[in-house]
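# Chain and residue survey
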Amino acid sequence: PLSREAFSFDCMFTATHSSNASLVYTKLTVINLTPLFLSGLIAIIWAIISVVRRRTFFIRDKESRTGFIASVVISAFLFHPVIMRVNFSMFSCVTLGNESYLVQDSSIECWTAEHKNWAIGVALPGIIFWGAGIPLLAAIFMSSSRTRLSDPEIVAK
C-alpha cells in the first residue's frame, strides 16, 4: 500500500519482531528518536564539509553553522507530521464489545498496563516535546531575532 512516509518503518522491523505489539512500540520509539539521530548525522556532515572547505571545525565556521541550523530546521519540519501522527495514534482506540483496541493495531488492547506505559511514557512526552517544544523554540528564536528578521543570516537560519 501507498505510504505517507518517505520510508516504511514497518518493512524495516517486521522481520525482527515476533509480535505486532512490539513492532508498534518499536516504531513509536524509533520515530521519536529519529530527529535526534538525524541531527547528529547532519552535524557530522556539516563538520566534514567545514573541514574540507575551510580546514576548521564547523562550530567556528559561521556559514557551516548556519547551514547546520537550516538543515536541522528543515528536517524537523519534514518529520514533524509523521512524529505527531505516530504519537497521537497511541491514543486512538476503538471499542469492540467490552474491550478497547488500538486503531493502528487491533491486536493491542488499549489501556492495559503495557499500553498505558508506552502511551504515557513515550507518546505523551513525544507530543509535548515535538508538538509543543520545537515550535515554541522556533517562536522564541524568531521573537528574540524580530528586529533582525530581514537580515540574510537570520533568514538563512
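Residue numbers run consecutively from 1 along every chain, following the written order of its sequence. Reporting in this predicted model follows two pLDDT cut-offs: at least 70 for local features of residues, and 80 or more for side-chain atom pairs to be given and counted; totals over whole chains, interfaces and linings ignore these cut-offs and use all residues. Computation of side-chain values: all heavy atoms of the structure, hydrogens and water removed.

## A closer look at the overall build of the protein
Test applied: Think of it this way: any DSSP run of H or I at least four residues long counts as a helix, any run of E at least two long counts as a strand, and we number them from the N terminus. The classification of residues rests on relative accessible area computed with a 1.4 Å probe and restricted to protein chains. Under 20% of the type maximum is buried, over 50% is exposed, and intermediate values are partly exposed. By the convention used here, residues are in contact when the closest approach between their heavy atoms is within 4.5 Å. For accessible areas, the Shrake-Rupley method is used with a probe of radius 1.4 Å. Any residue's cover is judged against the shown protein chains and nothing else.
Counting its regular elements, the protein contains five helices and two strands. When the helices and strands of the protein are read in sequence order from the N terminus, they spell out α-α-α-β-β-α-α. In the protein, which comprises 157 residues, the share counted as buried stands at 30%. Of the contacts formed within the protein by residues at least 6 apart in sequence, a portion of 53% connects residues at least 24 apart. For the protein, the exposed area adds up to about 9900 Å²; of that, 68% sits on carbon and sulfur atoms.

## Focus: helix H4 (residues 113–144)
An α-helix turns once per 3.6 residues; consequently, residues spaced three or four apart project the same way. The condition is simple: Residue count minus one, scaled by 1.5 Å, sets the expected span of a helix. Each residue is assigned a bend, namely the angle between axes fitted to the seven residues that terminate at it and the seven residues that start at it.
With 32 residues, H4 should reach 46 Å at 1.5 Å per residue; the first-to-last C-alpha distance of 43 Å fits that figure. Along H4, the sharpest change in direction is near 30° and occurs at Gly133; proline Pro135 comes one to four residues later.

## Digging into the confidence of the model for the protein
Under the convention used in this document: The quantity called pLDDT is the predictor's confidence in a given residue, expressed from 0 to 100.
On average, the protein scores 82 in pLDDT, and the residues at 70 or more come to 79%. Between the elements of the protein, mean pLDDT differs from a low of 61, seen in helix H1 (residues 9–14), to a high of 95, seen in strand S2 (residues 99–102).

## So, the packing of helix H3 (residues 62–89) against H4
Where we set the bar: Working convention: axes come from line fits to C-alpha atoms, limited for helices to the stretch in contact. Angles between N-to-C directions cover 0 to 180 degrees. Each angle gets one of four labels, with under 35 degrees taken as roughly parallel, over 145 as roughly antiparallel, 65 to 115 as roughly perpendicular, and the rest as oblique. The sense of a crossing depends on the near helix, which, turned anticlockwise from the far helix by less than a right angle, makes the crossing left-handed and, turned clockwise, makes it right-handed. Each residue is assigned to one class: nonpolar for Ala, Val, Leu, Ile, Met, Phe, Trp, Tyr, Cys and Pro, charged for Asp, Glu, Lys and Arg, and polar for all the others, Gly among them.
At a minimum axis distance of 9 Å, the contact between H3 and H4 shows a crossing angle of 150°. For the element pair H3 / H4, the angle class is roughly antiparallel. When the axes of H3 and H4 are compared, the crossing they make is left-handed. On H4, the residues touching His80, Ile83, Met84, Asn87 and Phe88 of H3 are Val122, Ala123, Gly126, Ile127, Trp130, Gly131 and Pro135. Its residues placed into classes, the contact of H3 with H4 shows eight nonpolar, four polar and no charged.

## Some points on the nonpolar core
Within soluble globular proteins, side chains that are nonpolar generally end up buried alongside one another. The condition that has to hold: Here, the term nonpolar core denotes a set of buried Ala, Val, Leu, Ile, Met, Phe, Trp, Tyr and Cys residues that are joined through side-chain atoms within 4.5 Å.
Formed by 18 residues in total, the largest nonpolar core has its most connected members in Val24, Tyr25, Met90, Leu102 and Ile108. For this core, the elements supplying multiple residues, two or more each, are helix H2 (20–54), H3 and H4. Beyond its immediate stretch of four places on either side in the chain, Tyr25 contacts Met90, Ile108, Glu114, His115 and Trp118.

## Points about a nonpolar patch on the surface
Our working definition: Residues form patches when they are more than 30% accessible in relative terms and have no salt bridge. Like charges link within 9 Å. Nonpolar side chains (Val, Leu, Ile, Met, Phe, Trp, Tyr) link within 5 Å. Salt bridge, as applied in this entry: a Lys or Arg side-chain nitrogen positioned within 4 Å of an Asp or Glu carboxyl oxygen.
Side chains of Leu33, Leu36, Phe37 and Phe129 sit close together on the surface and give an oily, nonpolar patch of about 410 Å² of accessible area. Of all the elements, H2 adds the most residues to the nonpolar patch, at three residues. Its place among the elements puts Phe129 in helix H4.

## Comments concerning the state of the cysteines
Definition in use: Throughout, disulfides are identified as pairs of cysteine sulfur atoms within 2.5 Å of each other.
Scanning the entire structure with this criterion turns up one disulfide. In this model Cys93 forms its disulfide with Cys110; the gap between the sulfur atoms is 1.9 Å. Residues Cys93 and Cys110 are joined by a disulfide whose S-S torsion is about -95°; by sign, that bridge is left-handed. In this pair, Cys93 sits in strand S1 (residues 93–96) while Cys110 sits in the loop between S2 and H4, placing the two residues 17 residues apart along the sequence. The exposure class of Cys93 is partly exposed, given its relative accessible area of 27%.

## With respect to the pairing of S1
Put simply, the rule reads: Strand pairing requires that DSSP identify at least two bridges connecting the strands.
Judged from the four bridges that link them, S1 and S2 form a sheet pairing that is antiparallel. Residue Val94 lies in a different strand from S2, and its bridge partner there is Tyr101. Where S1 hands over to S2, the hairpin turn is made up of two residues, of which Gly97 adopts a positive phi near 70°.

## Thoughts on the packing of aromatic side chains
Note on aromatic pairs: each is described by the distance of the centres and the angle between the planes. Quick reminder of the rule: Two rings from Phe, Tyr or Trp (for Trp, the six-membered ring) form a pair when their centres are within 6.5 Å of each other. A pair whose planes differ by under 30 degrees is stacked, one over 60 is edge-to-face, and the rest are tilted.
For the structure shown, the criterion picks out three aromatic pairs. Residues Phe91 and Trp111 carry aromatic rings whose centres are separated by 6.0 Å and whose planes lie at 40° to one another, so their mutual orientation is tilted. Of the two residues, Phe91 is situated in the loop between H3 and S1 and Trp111 in the loop between S2 and H4; the sequence distance between them amounts to 20 residues.

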